[in-house]
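Coordinates in review
These are the residues of each chain, in order.
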Amino acid sequence: MGTTVIPDQGSTAGGTTVTLTGHHLANATAVRFGTAQAVITANTATSATVTTPAGSGAVPVTVTTAGGTGTLGHFYYVPAPALSGINPAAGPVAGSDDEIVLTGRHLAGAIDVYFGTTRAVIQTVSDNQVTVRAAGAPAPGGTAVTVITAGGSAGGLSYTYLDPSTVTGVSPDSGPTTGGTEVTITGTGLAGTEQVTFNGIPAAFTVVSDSTLTATTPPSGAAGPVGVTVTGPGGAPAGTFTYVSEPDI
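This section reports on the structure supplied with the text. (Residues numbered from 1 in each chain as written. Predicted model: local features only at pLDDT ≥ 70, side-chain atom pairs only at ≥ 80, totals over all residues. Heavy atoms only, no water.)

What follows deals with the sheet that holds strand β5 (residues 36-37). One open sheet accounts for five strands, arranged β2-β9-β8-β4-β5; its pairing is mixed. Across the chains shown, the open sheet's two edge strands, defined by having one partner strand only, are β2 (9-11) and β5. In the sheet, β2 pairs with strand β9 (residues 68-78) via three bridges, with the strands oriented parallel. Opposite S11, over in β9, you have V78 as the bridge partner. (Pairing = 2+ DSSP bridges. Helix = DSSP H or I, 4+ residues; strand = E, 2+ residues; numbered from the N terminus.)

Put into structure tokens, the structure is as follows:
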């Protein structure tokens with residue numbers, strides 16, 4: 001069996017529990033991470049468990065016994081992570097496969113991301129960004145976001161779970177194929193609306209309240225009913241609008 005340092009990385013503030021394995025380690029009098037001495041909490045002939053001191057960078061790990069001092073490996077001090085942004089900051093209570101981007105610093109090597117007490121699925125990780133997919137929540141509302149790395153945990157951001165949006169009315173529900181009809185769309189959960197489309201064509205819109213928004217119909221190449229889709233963080237509810245041909249003169 002060779003020598004090991006497990007885990008081989010931890011917070012610059014110290015306090016990481018590390019198990020060292022090797023040979024002839026009984027009655028160790030000192031374990032040092034670089035020049036700083038660790039606290040020995042358990043010791044046998046083949047292992048020693050210690051609590052790391054504060055430090056920085058990569059340092060050798062040495063054990064001193066009556067027989068001398070030996071190097072068992074290296075330990076890498078990791079700076080504490082910090083979060084600065086989340087986008088989007090809201091989504092459906094059922095969860096979503098859409099990518100959520102967390103930005104900050106010292107995020108490389110992220111071990112876990114939690115939305116409240118629920119673990120999110122990590123997709124990609126870099127030093128200044130982590131992308132995740134949010135699992136569902138038991139109820140709508142805000143929840144704390146936490147990122148855990150070997151250097152510690154970072155919080156300070158929140159994610160809001162929303163009930164699914166609904167559309168209960170489109171008024172007027174018909175207008176000319178030339179577009180330009182001012183339409184009032186009513187429903188629930190509309191405050192976070194990101195896009196309104198008529199038959200897939202984006203329309204100019206204004207959010208009036210969580211239950212009302214107005215939109216201007218775009219032109220249509222043909223008469224007939226089309227789907228009206230209101231897209232927001234709570235989902236994409238739909239209604240119907242009918243385009244009517246103008247009479248020939």
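Now that the structure has been shown, we can carry on.
Turning to the pattern of salt bridges, a few remarks are in order. Side-chain pairing between opposite charges can occur once the charged atoms of the two side chains come close. Evaluation of the coordinates by the stated rule reveals two salt bridges. The salt bridge involving D97 is made with R133; its shortest N-O contact spans 3.2 Å. Here the residue D97 occupies a position in the loop between β11 (90-92) and β12 (100-105), and R133 occupies one in strand β16 (residues 129-133), the gap between them amounting to 36 residues. In this structure D97 comes out as exposed when scored by relative accessible area, which is 64%. By relative accessible area, which is 27% here, R133 ends up partly exposed. (Salt bridge = Lys/Arg side-chain N within 4 Å of Asp/Glu carboxyl O. Buried < 20%, exposed > 50% of the residue type's maximum accessible area, 1.4 Å probe, protein only.)

This brings us to the packing of aromatic side chains. The tally for this structure, following the rule as stated, stands at six aromatic pairs. Ring centres of F33 and F75 lie 5.2 Å apart, and the angle between their planes is 80 degrees; this geometry places the pair in the edge-to-face category. You can see F33 sitting in strand β4 (residues 30-33) and its partner F75 sitting in strand β9, a full 42 residues away along the chain. Note on F75: relative accessible area 0%, which makes it buried. Centroid distance F241 to Y243: 5.2 Å. Interplanar angle 80 degrees. Geometry classified as edge-to-face. For the pair formed by F241 and Y243, the shared burial category is buried. Site record: aromatic cluster; members linked through ring pairs are F33, F75 and Y77. (Phe/Tyr/Trp six-rings, centres within 6.5 Å; stacked < 30°, edge-to-face > 60°.)

The next point concerns the side chain of T49. Position of T49 relative to the elements: it lies in strand β7 (residues 47-51). The exposure class assigned to T49 is buried, which follows from its relative accessible area of 18%. Setting aside residues no more than four positions away along its own chain, T49 makes contact with T17, V18, T19, V39, I40, T41 and A42. (Contact = heavy atoms within 4.5 Å.)

This next bit is on the environment of T35. Looking at the secondary structure, you find T35 in the loop between β4 and β5. A residue is classified by how much of its surface remains accessible, and T35, at 78% relative accessible area, is exposed. Sequence spacing of T35 and P60 is 25 residues, and the spatial spacing of their C-alpha atoms is 8.7 Å.

That is the geometry; function is a separate question.
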